[in-house]
Amino acid sequence: MTTTIDPPERRETAVDKLRNGRAAVADRWHHAPRWVRWVLLAAVIVFFYALPNKEFYQYLGPIPTPGANFTQVLFTVSIYVLLAVGLNIVVGFAGLLDLGYFGFFAVGAYTVAVLTSPSSNLKTLWPWLLVVPIAIALTMVSGVMLGTPTLRLRGDYLALVTLGFAEMIRIAAVSSTFLKGQRGFSEIPHPPGKYADGRPFFGVLDARPYYWLVLTLIILVVIGVRNLTHSRVGRAWISIREDEDAAQLMGVPTFKFKLWAFASGAAIAGLAGALFAGKQNFVNSQNFELLNSIIILAAVIFGGSGNIVGAIVGGGLVAYMIERFRGIELFGIELYEYRFLFFGLVLVIMMIFRPQGLIPNRRRAAEFKDRRKEVIVGE
Amino acid sequence: MSDTEQTPAVPAQAAAPAVETVREREPLLEVDHVTLRFGGVVALNDVDFTLYKGEILGLIGPNGAGKTTCFNAMTGIYQPTEGQIRFRGEKISGKKRHQITRMGMARTFQNIRLFPEMTALENVQVGADAHHKTSVISALLRLPRHWKEEREGREKAERLLEFVGIRKRMHEFARNLSYGEQRRLEIARALATDPVLLCLDEPAAGFNPAEKEELLQLIRQIRDQGVTVLLIEHDMRLVMGVTDRIVVLEFGKKIAEGLPAEVRDNPKVVAAYLGVPDDAA
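Residues numbered from 1 in each chain as written. Chains lettered and ligands numbered in written order. Predicted model: local features only at pLDDT ≥ 70, side-chain atom pairs only at ≥ 80, totals over all residues. Heavy atoms only, no water.

## Focus on the pattern of salt bridges
Rule in force here: We count a salt bridge whenever a side-chain nitrogen from Lys or Arg sits within 4 Å of a carboxyl oxygen from Asp or Glu. Buried means the residue's accessible area, taken with a 1.4 Å probe over protein chains only, is under 20% of the maximum for its type, while exposed means over 50%, and partly exposed covers the values in between.
Enumeration over the complete set of coordinates arrives at 31 salt bridges over all chains. For Glu 242 of chain A, the salt bridge identified is with Arg 241 of chain A, shortest N-O distance 3.4 Å. We classify Arg 241 of chain A as buried; its relative accessible area is 14%. The salt bridge partner of Lys 53 of chain B is Glu 26 of chain B, with a shortest N-O separation of 3.6 Å.

Have a look at this one:
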């Protein structure tokens, strides 16, 4: 029996050390003068803008992915970050468990595909830039359409309905002739812009411009989300998450704000979908597996739901981890094949040692701390 | 209609000097022959009383008498099976809960229901937001309305926290406040919605005598600011000490109504509620 008690205690101290270390960092951050924070933030942003240059990343040791084009990976990662920031509004702030978030991504991507691709039946061939706002608007509308009947449901029921929604979109993409199924849409135009010598800025080979574009949009979206969460809207969302009945009785029009959470989250996913389509040039039904919804949800929880920085870190790390396994062989086994096994393992370990996520919102951290105490008392 | 004439007439005249606020006799909330059934269970049976502007009305009764059910019907959580509830002359049923709050009715909860992961200040700000109009667009673009309402809400919240005496703790999370502070915070949050009528559901539950005394003072102060108070309470001393009138429920029926002294001497009430030896509680 002693053996079973021993190891957790030893691990506990290691974890505690880590935890204290992080707390110290967080403490320093909060007590640092304003300019220090701005400088650090600027440095981080510059770092990420510089990241996709080989002259820079070759010095970063094991960070670049061996089995895949690092710039491509960065683009994928940035899309996941954008999605995690969007889903964090719905799950983290408003507390609505949305398992079908990737469905909105699909709506965004397909809107762009249908309206711009020559292989679409509509033959509109509109430019990419014009279609982006349409895609965002349409995903918002689809969010409102899904939300209006379903946001009266709570908890588990909402999760089931949103899961169904994502599947509906996927099945429509697979089997509807209008959406072309596996054959998909090709020749989707890229974003506009040219170099001085006339070469298009957003080309086929170089993924860097797309990454920079997404990075810029992430910054804008984060500013927007921050504005929302530090206002009446954010307070309404959190109050709904905390106690929906009490929120209603304190005069919060809960349905309206839940719908707004859904619509804002959807809009961000729509934007991500449009960016993805503009980069990929090709959209077909295989891009929108259910697994993606789950990965993003896992990313939000992994990073710390209810915290914007947490969502960014979670989305980035999860997407990166999955790609990092590509091209690594161990004892003749291609690790990439088992990537979700590792992913699952990491999640399980996380949930044991840090259930509130990597960078939880301070409130969550307090809550879990309390629960910890309760458990100990209970024993 | 008959109830508005019948109930107040006699005691009001008799007690007018003692209970001066009741003189106005302007009905604020009318519970008009309300019956509420859950399947076969009759939770409220033809309950009928009126709450007048400026008074403190106590709603009492033994456990399971239907006090909280009545309370929930009044705040729009349950729809009456028969009869209706009018607040400021308007029917409550069919209105959304947040609309009822905006009409000027606020409440606290028997088992505290704060937003535990928000600070005390934020909790009160949510209440203040009931009358704000900032929505996604103005918040996203930081339009002047956002700044104006944010400042107003913040000032109001700080003022109310000061009023209930927990201003020092305003940046503390609600879950970290002590029990008494949480009860006070609930009152501050309810007051932030600018209520005409404040409904307190057993606000003194779990309080010691000193805390109860402070609460009494607080309730009186709230009334003095022109807010009508409906009080559900177990503690008879508290009820007798602060209310202007009392309505007694038993098994979902109103068995008595009147001034505290009258109710105390009413044999029905004594039998139902005060008959137990812990009269003085």
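## Notes on the side chain of Thr 69 of chain B
We count it as follows: A run of H or I in DSSP counts as a helix once it spans at least four residues, and a run of E counts as a strand once it spans at least two, with each numbered from the N terminus. Note on contacts: a residue pair qualifies if any of its non-hydrogen atoms lie within 4.5 Å across the two residues.
As for its position among the elements, Thr 69 of chain B is in helix α2 (residues 67-74). Residues in contact with Thr 69 of chain B, not counting those within four places in the same chain, are Leu 36, Phe 38, Ala 43, Leu 44 and Tyr 78 of chain B.

## A few points about the packing of helix α5 (residues 101-116) of chain A against helix α11 (residues 254-280) of chain A
Residues and elements named next belong to chain A. Keep this limit in mind: Angles run from 0 to 180 degrees between N-to-C directions of axes, and those axes are lines fitted to C-alpha atoms, restricted for helices to the stretch in contact. When describing relative orientation, an angle under 35 degrees is termed roughly parallel and one over 145 degrees roughly antiparallel, while 65 to 115 degrees is termed roughly perpendicular and anything else oblique. Less than a right angle of anticlockwise turn of the near helix away from the far helix marks a crossing as left-handed, whereas a clockwise turn marks it as right-handed. Three classes are used: nonpolar for Ala, Val, Leu, Ile, Met, Phe, Trp, Tyr, Cys and Pro, charged for Asp, Glu, Lys and Arg, and polar for all others, with Gly counted as polar.
Relative to each other, α5 and α11 sit at 50°, their axes nearing to 7 Å. Classified by the angle their axes make, α5 and α11 are oblique. For α5 against α11, the interelement crossing comes out right-handed. Of the residues in α11, those touching α5 at Tyr 101, Phe 104, Phe 105, Gly 108, Ala 109 and Val 112 are Phe 262, Gly 265, Ala 266, Ile 268, Ala 269, Gly 270, Ala 272, Gly 273, Ala 274, Phe 276 and Ala 277. When its residues are assigned to classes, the contact of α5 with α11 shows 13 nonpolar, 4 polar and no charged.

## Thoughts on the nonpolar core
The condition that has to hold: Nonpolar core, defined: a set of buried Ala, Val, Leu, Ile, Met, Phe, Trp, Tyr and Cys residues in which side-chain atoms within 4.5 Å join the residues together.
With 105 residues, the main nonpolar core has Leu 82, Leu 83 and Trp 237 of chain A as its most contacted residues. In terms of residue count, helix α4 (residues 70-93) of chain A provides more of this core than any other element does, 17 residues in total. Judged by nonpolar contacts, the second largest core, of 35 residues, contains Ile 56, Leu 114, Ala 128 and Leu 191 of chain B.

## What to know about the interface of chain B and chain A
Defined as follows: Throughout, the accessible surface (probe 1.4 Å) given up by two parts as they are put together, summed over both, is called the buried area.
Contact with chain B, which involves 36 residues of that partner, is made by 32 residues of chain A. Together chain B and chain A conceal approximately 3,200 Å² of surface at their shared face, both sides included; 57% is due to carbon and sulfur atoms. Looking only at chain B, the three residues that lose the most surface to chain A are Arg 97, Glu 117 and Val 136 of chain B, adding up to 21% of its buried area. Between chain B and chain A we count 6 salt bridges in total. Here Asp 129 of chain B ties to Arg 235 of chain A by a salt bridge, and the two come within 2.8 Å at their closest N and O atoms.

## Focus on the domain arrangement of chain B
Residues and elements named next belong to chain B. What counts, and what does not: Domain ranges listed in this record stem from an automatic or a database domain assignment.
One can read the domain layout of chain B as domain 1 (25-104 + 197-204 + 224-273) and domain 2 (115-194). Of note, the centres of domain 1 and domain 2, computed from C-alpha atoms alone, are 28 Å apart. Roughly 660 Å² is buried in total at the junction of domain 1 and domain 2, and carbon and sulfur atoms are behind 65% of that figure. Its largest share of buried area at the contact with domain 2, domain 1 owes to Thr 101, Arg 102 and Leu 198, together 52% of the area lost on that side.

## Description of the layout of surface pockets
Residue and element names in this part refer to chain A. Counted only if it meets this: Think of a 1 Å grid over the protein atoms and nothing else: a 1.4 Å probe that fits but is trapped marks a cavity, an open set flanked by protein within 12 Å on at least five of seven lines marks a pocket, and residues with an atom within 4 Å of a point count as lining. Grid points are joined across faces, edges and corners, and a volume is the space filled by probe spheres set on the points.
Roughly 560 Å³ of internal volume is contained in the second largest pocket. Looking at the second largest pocket, it is lined by 24 residues, and the ones nearest its centre are Thr 76, Tyr 80, Phe 276, Asn 292 and Glu 323. Of the residues assigned to the lining of the second largest pocket, the class counts are 13 nonpolar, 6 polar and 5 charged.

## Here we look at the packing of aromatic side chains
Stated formally: Centres within 6.5 Å are what make two rings of Phe, Tyr or Trp a pair, Trp counting through its six-membered ring; a difference in plane orientation under 30 degrees is then read as stacked, over 60 as edge-to-face, and the rest as tilted.
Counting across every chain of the model gives 19 aromatic pairs over all chains. With centroids separated by 6.0 Å and ring planes inclined at 75°, the aromatic side chains of Tyr 110 of chain A and Phe 185 of chain A adopt a geometry described as edge-to-face. Of this pair, Tyr 110 of chain A sits in helix α5 while Phe 185 of chain A sits in the loop between α7 (156-175) and α8 (208-229); the two residues are 75 residues apart in sequence, bridging distant segments of the chain. Ring geometry for Tyr 179 of chain B against Phe 207 of chain B: centres 6.3 Å apart, planes inclined by 80°, an arrangement best described as edge-to-face. Residue Tyr 179 of chain B is found in helix α7 (residues 179-191), and its partner Phe 207 of chain B is found in the loop between β7 (197-201) and α8 (209-224); the two are separated by 28 residues along the sequence. By relative accessible area, which is 9% here, Phe 207 of chain B ends up buried.

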